[in-house]
Amino acid sequence: EVVLAADQSSGGPTVGDTGAATSVPVADRVALVTPTDTATWRAGKWRTDTTDVVQGYTSWGTNHGYAFYGGRLDPYAGKTITRIRLRLHTTTSSSAAPNTPKLAFHSSENRGNYEPSVVSPWAGPGMSRGQVSWVDITAKAAQLWESPGIALVADANADYLRCAGVTVDLQRFAVEITYRE
């Protein structure tokens, strides 16, 4: 279970030397969780030419990109979450104008021999070629633990967008979790 913080200004009561309850601030902690793997599914199989996370149509078919966290998100389940952000780094797009990533959560902690199921797709912010952006996904926090991966999914009409994968960018598809114990 994920708990979203309602009051971010102070923690619960603590007991001092006198035994009287007082309210003291609780410091937020920040964790940066990087994927164990990134990959793109196209035409019924995993692409072998890239580890980038790609969405949209090319002449070879529609791309769906996936980031896998391999259980790295598990230690934060049950924490009081104050913010969650996803780091995207676009390397290529179908035009110089901003393109919209279509983000979703998916069902797999690790890459298998199948395409993972996606749930609850939503439109991300418009992003231009070469842009690095932190996308706030705090409102979707509970879904992240139910479906432990993040994907770029799109139909054949969607903008082509390529985000850096595990071999390109050390903070590729990183999830920044701000939480309290």
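Described below are features of the structure shown in this document. In this text the structure is predicted, and so the values were computed from the model without any measurement. (Residues numbered from 1 in each chain as written. Predicted model: local features only at pLDDT ≥ 70, side-chain atom pairs only at ≥ 80, totals over all residues. Heavy atoms only, no water.)

Some thoughts on the overall build of the protein
Across its full length, the protein carries one helix and 15 strands. Counting all 181 residues of the protein, 45% fall into the buried class. Relative to all contacts within the protein whose residues are 6 or more apart in sequence, the contacts with residues 24 or more apart total 78%. In the form shown here, the protein has an accessible surface area of approximately 8,700 Å², with 49% of it arising from carbon and sulfur atoms. (Helix = DSSP H or I, 4+ residues; strand = E, 2+ residues; numbered from the N terminus. Buried < 20%, exposed > 50% of the residue type's maximum accessible area, 1.4 Å probe, protein only. Contact = heavy atoms within 4.5 Å. Areas by Shrake-Rupley, 256 points an atom, 1.4 Å probe, with all protein chains shown as cover.)

Comments concerning the environment of N110
Tracing the sequence through the fold places N110 in the loop between β10 (102–106) and β11 (118–123). Residues N110 and Y69, spaced 41 residues apart in sequence, show a C-alpha to C-alpha distance of 6.9 Å. Excluding residues that lie within four positions of it along the chain, N110 makes contacts with T36, F68 and G70.

Considerations on the pattern of salt bridges
Here the structure, examined in full by the defined rule, presents eight salt bridges. Note that E181 and K79 form a salt bridge whose closest N and O atoms lie 2.8 Å from each other. Separated by 102 residues along the polypeptide, E181 in the segment after β15 (175–180) and K79 in the loop between β8 (61–68) and β9 (80–93) bring together distant segments of the chain. Sharing partners across several salt bridges, the network here consists of R29, K79 and E181. (Salt bridge = Lys/Arg side-chain N within 4 Å of Asp/Glu carboxyl O.)

A short note on the packing of aromatic side chains
A full pass over the atoms with the stated rule returns six aromatic pairs. Between Y66 and F68, the aromatic rings sit 6.3 Å apart at their centres with planes inclined by 25 degrees, giving stacked as the arrangement. Residue Y66 shares its accessibility class with F68, and that shared class is buried. Between F105 and W122 the ring centres are 5.1 Å apart and the planes differ by 40 degrees, which places this aromatic pair in the tilted class. Of this pair, F105 sits in strand β10 while W122 sits in strand β11, and the two are 17 residues apart along the sequence. Residues F105 and W122 agree in their burial class; the two are buried. Over the ring of W46 we find R111; its NZ or CZ atom is 5.5 Å from the centre of that ring. One Lys or Arg, K140, reaches over the ring of W122 and ends 4.8 Å from the middle of that ring. (Phe/Tyr/Trp six-rings, centres within 6.5 Å; stacked < 30°, edge-to-face > 60°. Lys NZ or Arg CZ within 6 Å of the ring centre and 35° of its normal.)

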